[in-house]
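Topology and contacts: notes
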Amino acid sequence: MTFVRACGLSELEEDTPKRVELDGTPVSVVQTEGEVFAIHDICSHANVSLSEGEVEDCQIECWLHGSAFDLRTGKPSGLPATRPVPVYPVKIEGDDVLVSLTQES
């Protein structure tokens with residue numbers, strides 16, 4: 001599994017998504033509840049950026065229609081989204097947040 005640097009841990013604010021692009025793939029990196037998550041940044045229901053939404057209870061909400069996705073699994077918790085979005089493995093090395101585009105789910 002190959003990891004690439006997404007951002008610095010010091011660049012992240014609690015419950016505030018940060019959009020990054022890794023090898024042409026839009027990724028939202030989120031620090032919440034003491035963990036860091038990486039999730040595909042495009043909603044599976046509408047072609048909008050999830051990083052513009054809010055984070056609460058380990059979920060990121062799509063700002064356009066209100067679907068929320070679990071940051072651990074990518075599964076939607078309510079309509080209108082019915083399909084999950086990919087989540088990606090994360091590891092922290094010093095201040096570096098490293099993400100692998102290999103999907104966990």
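In what follows, the accompanying structure is described. The structure presented is a predicted model; accordingly, all values stated were derived computationally and were not measured. (Residues numbered from 1 in each chain as written. Predicted model: local features only at pLDDT ≥ 70, side-chain atom pairs only at ≥ 80, totals over all residues. Heavy atoms only, no water.)

**Structural notes on the pairing of strand β2 (residues 18–22)**
- Taken together, the five bridges between β2 and strand β3 (residues 25–32) define a ladder with antiparallel strand orientation. Bridging across to β3, K18 finds its partner in V29.
- A loop of two residues connects β2 with β3, the two strands running antiparallel in sequence, and D23 in this loop sits at a positive phi of about 50°. (Pairing = 2+ DSSP bridges. Helix = DSSP H or I, 4+ residues; strand = E, 2+ residues; numbered from the N terminus.)

**Notes on the nonpolar core**
- Among the nonpolar cores identified, the biggest contains 16 residues, and I39, C43, L50, I60, F69 and L71 are the most heavily contacted of them.
- Leave out the neighbours within four places in its chain, and C43 touches V48, L50, C62, F69 and V85.
- A6, V29, A38 and V97 belong to the second largest nonpolar core, which has 12 residues in total. (Core = buried A, V, L, I, M, F, W, Y, C linked by side-chain atoms within 4.5 Å. Buried < 20%, exposed > 50% of the residue type's maximum accessible area, 1.4 Å probe, protein only. Contact = heavy atoms within 4.5 Å.)

**Let's talk about the state of the cysteines**
- Tallying each qualifying case throughout the model produces zero disulfides.
- C58 forms no disulfide, and the closest cysteine sulfur to it belongs to C7, at a distance of 16 Å.
- Residue C62 stays outside any disulfide, its sulfur separated by 3.8 Å from that of C43, the closest cysteine.
- The exposure class assigned to C62 is buried, which follows from its relative accessible area of 2%. (Disulfide = S-S within 2.5 Å.)

**Focus: the environment of P76**
- Mapped onto the secondary structure, P76 falls in the loop between β7 (68–70) and β8 (87–88).
- Along the backbone, P76 and H45 are 31 residues apart, and their C-alpha atoms lie at a distance of 9.8 Å.
- Not counting residues within four places of it along the chain, the set of residues in contact with P76 comprises A68, F69, A81, T82, R83 and P84.

**Topic: the sheet that holds strand β10 (residues 96–99)**
- With respect to topology, three strands assemble into an open sheet ordered β1-β10-β9, the strand pairing being antiparallel. The sheet is open, and its two borders are formed by β1 (4–8) and β9 (90–93), each paired with just one other strand. When strand polarity is set aside, the average angle formed by the axes of neighbouring strands in this sheet is 35°. (Axes fitted to C-alpha atoms, helices over the stretch in contact; angles between N-to-C directions.)

**Some points on the pattern of salt bridges**
- Under the criterion given, the structure shown has seven salt bridges.
- Here R19 ties to E21 by a salt bridge, and the two come within 3.4 Å at their closest N and O atoms.
- In this structure, E93 engages K91 in a salt bridge whose closest nitrogen and oxygen atoms are separated by 3.7 Å.
- By relative accessible area, which is 35% here, K91 ends up partly exposed.
- The network of salt bridges with shared partners includes R5, E11, K18 and D96. (Salt bridge = Lys/Arg side-chain N within 4 Å of Asp/Glu carboxyl O.)

**Remarks on the sheet that holds β8**
- Read across the open sheet, the four strands follow the order β2-β3-β4-β8; overall the sheet is antiparallel. Edge positions in the open sheet fall to β2 and β8, since each of these has one partner strand only.
- One ladder, built from six bridges, connects β3 with strand β4 (residues 35–40); its direction is antiparallel. Bridge assignment links T32 to a residue of β4, and that residue is E35.

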